[in-house]
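Structural description and commentary
Chain by chain, the residues run as shown.
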Amino acid sequence: MSDLVARTGRHQQRYLDGCRLVAGCIPFKYREDDSGDSNCKKIVEVLMINSSSGPGLLFPKGGWENDETVEEAAAREALEEAGVRGVIMKNLGHYKFKSKTHQDECSPEGLCKAAMFALLVKEQLNSWPEQSTRVRTWLTVPEAAKNCRHPWMREVLEEAFTKWHAGNVLNSSEDTLSSPDQP
């Protein structure tokens, strides 16, 4: 059982123009290419979690609360839902979607606006707040795209994350990207 506790409730939730504000991330890491090639290429993998409300896989995301920055909210969701800690590397953009499960008086139609980030994973915990309801899975980007439950999350992965990642150079001595804020 985790000593960490997930936040619950909506009393600190942020809204703007009838949209619930959400923060999330695409957690990623590198693994060595084990194909036997002497060039020792690194392969990017992304971490996805199961949905608590149906089939398919998701990236960690949830409500952005009044007492935190959007980056802090994204990192908190990665910790609570996927049990990982890391470094926010890049804001991948804002995406609108409709939630079927999170309609309330401030957003009666369930409209949401998600700020999504790339998060370089530095630590994977053995226990985390939602471990009893979440299964985490490391996938290559093409595998993740095939298994992604929501079209808007697939768009973040295939367009924003892939484009950003391709534009950065891997620093092989530290397994980190050259700069967190490069476009």
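Figured I'd write up the structure that's included with this text. (Residues numbered from 1 in each chain as written. Predicted model: local features only at pLDDT ≥ 70, side-chain atom pairs only at ≥ 80, totals over all residues. Heavy atoms only, no water.)

Concerning the overall build of the chain
Along the chain, the regular secondary structure elements total 3 helices and 10 strands. Listing each helix as α and each strand as β along the chain from the N terminus yields β-β-β-β-β-α-β-β-β-α-α-β-β. Burial statistics for the chain: of 183 residues in total, 46% are counted as buried. Across the chain, every contact between residues at least 6 apart in sequence was considered, and the portion connecting residues at least 24 apart equals 69%. For the chain, the exposed area adds up to about 9800 Å²; of that, 49% sits on carbon and sulfur atoms. (Helix = DSSP H or I, 4+ residues; strand = E, 2+ residues; numbered from the N terminus. Buried < 20%, exposed > 50% of the residue type's maximum accessible area, 1.4 Å probe, protein only. Contact = heavy atoms within 4.5 Å. Areas by Shrake-Rupley, 256 points an atom, 1.4 Å probe, with all protein chains shown as cover.)

Examining helix H1 (residues 70-82)
Taking 1.5 Å of rise per residue, the 13 residues of H1 would be expected to cover 18 Å, and the 18 Å separating its terminal C-alpha atoms lies within 8% of that figure. Of all 13 residues making up H1, 10 are buried, and the element is well covered by its neighbours. By the burial criterion, the buried members of H1 are Val70, Ala73, Ala74, Arg76, Glu77, Ala78, Leu79, Glu80, Glu81 and Ala82. Against strand S2 (19-32), strand S3 (42-50), strand S5 (61-63), strand S6 (84-98), strand S7 (111-124) and strand S8 (136-140) lie the buried residues of H1. Immediately downstream of H1, the backbone of Gly83 shows phi near 70°, a positive value. (Expected span 1.5 Å × (residues − 1).)

Description of the pairing of S2
Two faces, one strand: in a regular strand the side chains alternate between the faces of the sheet. Where burial is concerned, most of S2 is hidden: 11 out of the 14 residues are buried. As defined by bridge partners, strand S1 (residues 15-16) adjoins S2 across 2 bridges and the pair is classed as antiparallel. The partner of Leu16 across the bridge, within S2, is Cys19. When S2 meets S7, the two strands line up parallel, connected through 9 bridges. Among the inter-strand pairings, Ala23 is bridged to a residue of S7, identified as Ala115. Looking at chain direction, S2 and S5 are connected through 3 bridges and run antiparallel. Across the sheet, Val22 pairs through a bridge with Gly63, a residue of S5. Where S2 and S3 come together, 5 bridges link them in antiparallel fashion. Note on S3: the bridge partner recorded for Lys29 is Glu45. (Pairing = 2+ DSSP bridges.)

Observations concerning the environment of Glu77
Tracing the chain through its elements places Glu77 in helix H1. The exposure class of Glu77 is buried, given its relative accessible area of 5%. The spacing of Glu77 and Phe59 is 18 residues in sequence and 9.5 Å in space, taken between C-alpha atoms. If sequence neighbours within four positions are ignored, Glu77 has contacts with Ala23, Pro60, Lys61, Gly62, Gly63 and Ala82.

Details of the pattern of salt bridges
Should their charged atoms come close, side chains of opposite charge can pair. Scanning the model with the defined rule gives 8 salt bridges in all. Salt-bridge contacts for Arg76 lead to Glu80; the nearest nitrogen and oxygen are separated by 3.3 Å. In this pair, Arg76 and Glu80 both sit in helix H1, 4 residues apart, roughly one turn of the helix. Judged by its relative accessible area of 5%, Glu80 is buried. A salt bridge links Glu123 to Arg85; the nearest nitrogen and oxygen atoms lie 3.4 Å apart. Residue Glu123 is found in strand S7, and its partner Arg85 is found in strand S6; the two are separated by 38 residues along the sequence. (Salt bridge = Lys/Arg side-chain N within 4 Å of Asp/Glu carboxyl O.)

Spatial relationships are all this shows, so hold off on functional conclusions.
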